[in-house]
Every structure is written in C-alpha cells, then in structure tokens.
Amino acid sequence: MTQPHLVLASSSPYRRELLARLRLPFEFRAPSIDECRREGEAPEALVQRLAEEKARRIAEEYPDAWIIGADQVVRCGEQILGKSGNADTARAQLESMQGRSVELLNGLCLLSPSGQARVELIPYRVDLRPLTSEEVARYIEKEQPFDCAGSLRAEGLGITLIERMAGEDPNAIIGLPLIRLSTMLREAGFAI
C-alpha cells in the first residue's frame with residue numbers, strides 16, 4: 001500500500017527528527033512567511049495561524065501532498081517569547097523565565113491536498129527552577145539555543161533548567177506534538 005505524499009513545512013531540524021520517529025516517508029521544505037504577531041492577536045491564535053500559513057505556503061509547491069505545519073511560542077506571564085537569535089536575547093529570556101511556570105503553545109496544522117486544514121492547539125507547561133546567572137551563561141555557551149522558542153532546548157542541556165513538566169505530549173516541548181499528529185495522520189488515512 002502506497003502512503004500519500006507527506007511534506008513537513010519547517011526549517012527546524014528538531015521537527016524533522018521528531019517526524020522521522022513515525023517512520024513515514026516525508027520531504028521537508030522551509031516556508032517563507034511573515035511570522036510577526038498581529039496587533040491584538042492572542043498567542044494561541046498566533047501559533048495556529050502561523051502553522052496553517054506555513055502549510056499553505058508549501059502547498060503552493062506541492063499541491064498533491066499532505067502538508068504538516070507547526071509553530072511554537074513560549075508564554076511567560078504577559079510576555080510572548082520566540083526564538084532568541086542571539087546570546088543577549090537568550091540570556092534575557094531565560095532570566096525572565098527562571099523560577100517560573102511558562103506555557104509552550106504549539107500550533108499544528110495538517111493540510112490535505114484538497115486544501116482542507118485541520119488546525120490544533122497543543123499547550124505544554126514547564127516549570128523552570130531558580131537559576132543563577134552563571135548557570136544561564138554556561139547553558140547558553142554550551143547549548144547555543146538561539147533557534148528555540150524561549151531559548152529552551154529541553155532535548156539537550158535545557159532539561160537541567162527544568163523542575164517539572166506537564167502536558168499531553170512531551171514532544172510538544174520540542175515543537176512537534178507527535179501524539180496529536182499521529183491521530184491526525186491516522187484519521188487522514190496514513191498507516192502508522
């Protein structure tokens with residue numbers, strides 16, 4: 001039985017590694033979209049919109065494929081944290097989160113070849129332990145987490161910054177909730 005064509009709309013090597021765990025053949029393409037938050041847009045709406053926009057952008061290149069789009073931000077109080085991009089921003093992000101409970105918000109979209117989108121929101125809570133400035137500096141130097149939302153790379157040394165985690169899918173902390181995605185793919189006819 002031939003599987004439908006599947007494409008991951010992401011430049012993230014972490015999402016590619018996660019999707020590969022499902023042992024489905026897939027391609028990946030980096031979508032080019034404006035990821036800016038719209039005025040008054042709730043973070044939950046932001047990640048869902050961006051996940052769908054990424055999928056729709058790649059669908060332009062692959063009109064006969066099923067497309068997976070995903071996006072993630074960290075909500076820390078009233079702040080919305082994305083990728084830091086550099087050490088100074090990473091330090092500021094981690095210092096603002098240390099000793100607090102934060103929520104990783106994941107938007108997930110599965111777009112069918114007919115253009116039908118199923119978009120989901122998968123939250124995941126992380127409690128960071130109190131951190132010293134030396135621990136933050138050492139983590140940033142060793143991990144260089146500049147391409148992770150909130151600079152929190154929990155699949156690496158970031159796990160040492162965490163006190164506890166809670167949510168339906170631990171893969172959500174890395175940016176691709178596999179439990180929900182597996183359900184979506186099975187319901188779409190993929191043999192997993």
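The structure presented is a predicted model; accordingly, all values stated were derived computationally and were not measured.

Draft legend 1. Quick look at the overall build of the protein chain. Along its length, the protein chain carries five helices and seven strands. In terms of overall size, the protein chain behaves like a compact globule, its C-alpha atoms giving a radius of gyration of 17 Å where 192 residues would be expected to give roughly 16 Å. Across its three principal axes, the protein chain shows a C-alpha extent of roughly 55 × 35 × 25 Å. Buried positions account for 48% of the 192 residues belonging to the protein chain. In the protein chain, of all internal contacts separated by at least 6 residues, the share reaching a separation of at least 24 is 64%. About 9200 Å² of surface is accessible on the protein chain, with carbon and sulfur atoms providing 47% of the total. Computing the positive centroid from 24 side-chain charges and the negative centroid from 29, the protein chain places the two 3 Å apart.

Draft legend 2. Summary view of the packing of aromatic side chains. Evaluated as defined, the whole model comprises one aromatic pair. Between W66 and F190 the ring centres are 6.0 Å apart and the planes differ by 80°, which places this aromatic pair in the edge-to-face class. Of the two residues, W66 is situated in strand 3 (residues 66-76) and F190 in the segment after helix 5 (178-187); the sequence distance between them amounts to 124 residues. This pair shows no difference in class: W66 is buried, exactly as F190 is. Of note, R16 hangs over the ring of F28, and the distance from its end group to the ring centre comes to 4.0 Å.

Draft legend 3. Focus on the layout of surface pockets. Its volume calculated, the largest pocket comes out at about 370 Å³. Every residue lining the largest pocket is counted, 24 residues in all, and those nearest its centre are R15, Q72, K83, D147 and A149.

The rules we used
- Residues numbered from 1 in each chain as written.
- Predicted model: local features only at pLDDT ≥ 70, side-chain atom pairs only at ≥ 80, totals over all residues.
- Heavy atoms only, no water.
- Helix = DSSP H or I, 4+ residues; strand = E, 2+ residues; numbered from the N terminus.
- Rg over C-alpha atoms; globule rule 2.2 N^0.38 Å.
- Buried < 20%, exposed > 50% of the residue type's maximum accessible area, 1.4 Å probe, protein only.
- Contact = heavy atoms within 4.5 Å.
- Areas by Shrake-Rupley, 256 points an atom, 1.4 Å probe, with all protein chains shown as cover.
- Lys, Arg positive; Asp, Glu negative; His and termini not counted.
- Charge placed at Lys NZ, Arg CZ, Asp CG, Glu CD.
- Phe/Tyr/Trp six-rings, centres within 6.5 Å; stacked < 30°, edge-to-face > 60°.
- Lys NZ or Arg CZ within 6 Å of the ring centre and 35° of its normal.
- 1 Å grid on protein atoms, 1.4 Å probe; cavity = no way out; pocket = protein on both sides within 12 Å on 5 of 7 lines; lining within 4 Å.
- Points joined across faces, edges and corners; volume = space filled by probe spheres on them.

Shape descriptors only; they carry no functional weight alone.
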